[in-house]
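# Analysis of the macromolecular model
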Amino acid sequence: MAAPAGPPFGRLLSAMVTPFAPDGSVDLDAAATLAQRLVDDRHDGLVVNGTGGEAPTTTDAEKADLVRAVVDAVGDRVHVVAGIGTNDTAHTLELAAAAEKAGADGLLLVTPYYSKPPQAGLLEHFRTVADATGVPVMLYDIPHRAGTAIATDTLLRLAEHPRIVAVKDAKGDLAASSRVMAESDLAYYSGEDALTLPMLAVGGVGVVGTSTHFCGPQMRALIDAALAGDHAEALRLHRQLLPILTGIFATQGVILVKAGLELQGRGVGGVRLPMVAATTEERAALARALDAAGLPSGPEAPAS
């Protein structure tokens, strides 16, 4: 898909969950159906093979098949961004090449996790991957998962690379992010659903969401209102959606997204270990959060 004027990947994206068949295999037909529904819910892009897509438990071949299935289903309508980050640069390069070959028009590159490389290592890792690909790269700064933050000075140096164009920011440091936005052309996407409105207020362009599996149209309206300068409407929507923006993370997001889709009659299968299915109590709490946000919590519920 050709990049439009404005943000490199649009404004509303979801980190799409990966559907599994009853035997535990990846369900490519269900992935295509889910992708189509999300696009119908006014998404500009989908991230495939992110943490929410259970990428740590899918094989390299499954990852490539998922990218190809989603590209075939919706690639003419939205940006398909492939998560390719690992804590091994050589493996990341292999995943980047496979994703590009499968048709991804963007890559999500997370900070190498667990090994906690120094900033010099991060700089070299990100540059090496960006040098090796022909598609734009979104960095994923999520220190509470990765164990290491991408320092402001490192981000500013990475912004000089022609293919590093965006950041999915789950750092929670709006002051630091504001400085990067002020001193570079990096497009900032909120990686924390509940911080979408604050991120927009300091120069962000949109969100890569999890709760957006359920509230795409409402989140689109929030973004549009904020960009139009209608702060009152954006704030109203933020407060309306807050129960699900936060409630989806009461346990791991993928667990509750899959539970919520099942509640709504759109189940996409279970999760792979070490993830486990939502408990009865977690499902009930999620249903209450959906209700509080004015969203369907069952197959018979009216659309918001």
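What counts and what doesn't
Residues numbered from 1 in each chain as written. Predicted model: local features only at pLDDT ≥ 70, side-chain atom pairs only at ≥ 80, totals over all residues. Heavy atoms only, no water. Helix = DSSP H or I, 4+ residues; strand = E, 2+ residues; numbered from the N terminus. Buried < 20%, exposed > 50% of the residue type's maximum accessible area, 1.4 Å probe, protein only. Contact = heavy atoms within 4.5 Å. Areas by Shrake-Rupley, 256 points an atom, 1.4 Å probe, with all protein chains shown as cover. Lys, Arg positive; Asp, Glu negative; His and termini not counted. Charge placed at Lys NZ, Arg CZ, Asp CG, Glu CD. Phe/Tyr/Trp six-rings, centres within 6.5 Å; stacked < 30°, edge-to-face > 60°. Axes fitted to C-alpha atoms, helices over the stretch in contact; angles between N-to-C directions. Parallel < 35°, antiparallel > 145°, perpendicular 65-115°, else oblique. Nonpolar A, V, L, I, M, F, W, Y, C, P; charged D, E, K, R; others polar. Salt bridge = Lys/Arg side-chain N within 4 Å of Asp/Glu carboxyl O. Pairing = 2+ DSSP bridges. Left-handed = near helix turned anticlockwise from the far one by under 90°. UniProt positions renumbered as here; feature names shortened; annotations may be inferred.

Once that is clear, we can look at the overall build of the protein. For the protein, the count of helices and strands is 12 helices and eight strands. The principal-axis extents of the C-alpha atoms in the protein amount to approximately 50 × 50 × 35 Å. When burial is assessed residue by residue, the protein has 54% of its 304 residues classed as buried. In the protein, of all internal contacts separated by at least 6 residues, the share reaching a separation of at least 24 is 69%. As presented, the protein carries roughly 12300 Å² of accessible surface, and 53% of it is formed by carbon and sulfur atoms. Averaging the positions of the 23 positive and the 35 negative side-chain charges in the protein gives two centres separated by 2 Å.

Applying the stated rule across the entire model yields one aromatic pair. Geometrically, the ring pair formed by Phe-9 and Tyr-189 is tilted, given 6.5 Å between the ring centres and 50 degrees between the ring planes. With Phe-9 in the segment before β1 (12-15) and Tyr-189 in strand β7 (residues 187-190), this residue pair connects regions lying 180 residues apart in the sequence. For the pair Phe-9 and Tyr-189, one class covers both residues: buried.

A pair of packed helices is captured by two measures, namely the crossing angle of their axes and the spacing between those axes. The contact between helix α11 (residues 253-263) and helix α12 (residues 280-292) brings their axes to 10 Å, and the two run at 70 degrees. Put simply, α11 runs roughly perpendicular to α12. Contacts between α11 and α12 involve Leu-256, Ala-259, Gly-260, Glu-262 and Leu-263 from the former and Glu-282, Arg-283, Leu-286 and Ala-287 from the latter. Looking at side-chain class alone, the contact of α11 with α12 contains five nonpolar, one polar and three charged residues.

Look at the link from Leu-273 to Pro-274: it is a cis peptide, with omega at 15 degrees. Within the fold, Pro-274 resides in the loop between α11 and α12. Even without a glycine there, the phi angle at Asn-49 is positive, about 70 degrees. Looking at Asn-49, the relative accessible area reads 5%, which means it is buried.

Take the pattern of salt bridges next. Within the structure shown, the criterion is met by 12 salt bridges. A salt bridge links Arg-179 to Glu-183, with the shortest nitrogen-to-oxygen separation between them at 3.2 Å. Of this pair, Arg-179 and Glu-183 both sit in helix α7 (residues 174-183), four residues apart, roughly one helical turn. What makes Arg-179 partly exposed here is its relative accessible area of 37%. Linking Glu-233 and Arg-236 is a salt bridge whose minimum nitrogen-to-oxygen distance equals 2.9 Å. With a gap of three residues between them, Glu-233 and Arg-236 both fall in helix α10 (residues 231-247), about one helical turn apart. In this structure Arg-236 comes out as partly exposed when scored by relative accessible area, which is 42%.

Turning to the sheet that holds strand β8 (residues 206-209), a few remarks are in order. What the eight strands build is a closed barrel, ordered β1-β2-β3-β4-β5-β6-β7-β8; its pairing is parallel. Neighbour-to-neighbour, the strand axes of this sheet turn through a mean angle of 25 degrees, independent of strand direction. In terms of strand pairing, strand β3 (residues 79-83) meets strand β4 (residues 106-110) through three bridges, oriented parallel. Within β4, the residue paired with Ala-82 across the bridge is Leu-107. Contacts from helix α2 (residues 60-74) reach β2 (45-48) and β3, with the element oriented near 165 degrees to β2. The sheet contacts of helix α4 (residues 119-132) involve β4, β5 (137-141) and β6 (164-169), and relative to β4 the element is tilted by about 165 degrees.

Relative orientation of the contacting elements α2 and helix α3 (residues 89-102) amounts to 30 degrees, with a least axis distance of 9 Å. By the angle class used here, α2 and α3 are roughly parallel. Seen from above, α2 lies across α3 with right-handed handedness. Two secondary-structure elements touch here, α2 through Asp-60, Lys-63, Ala-64, Val-67, Arg-68 and Val-71 and α3 through His-91, Leu-95, Ala-99 and Ala-102. Residues belonging to the contact of α2 with α3 are distributed by class as follows: six nonpolar, one polar and three charged.

The UniProt record marks Val-208 with the feature "binding site: pyruvate" (unreviewed entry), using the residue numbering of this structure. For Val-208, the location among the structural elements is in strand β8. Since its relative accessible area comes to 1%, Val-208 is described here as buried. Beyond its immediate stretch of four places on either side in the chain, Val-208 contacts Leu-13, Ser-14, Ala-15, Val-47, Met-138, Lys-168, Tyr-189, Ser-190, Gly-191 and Asp-193.

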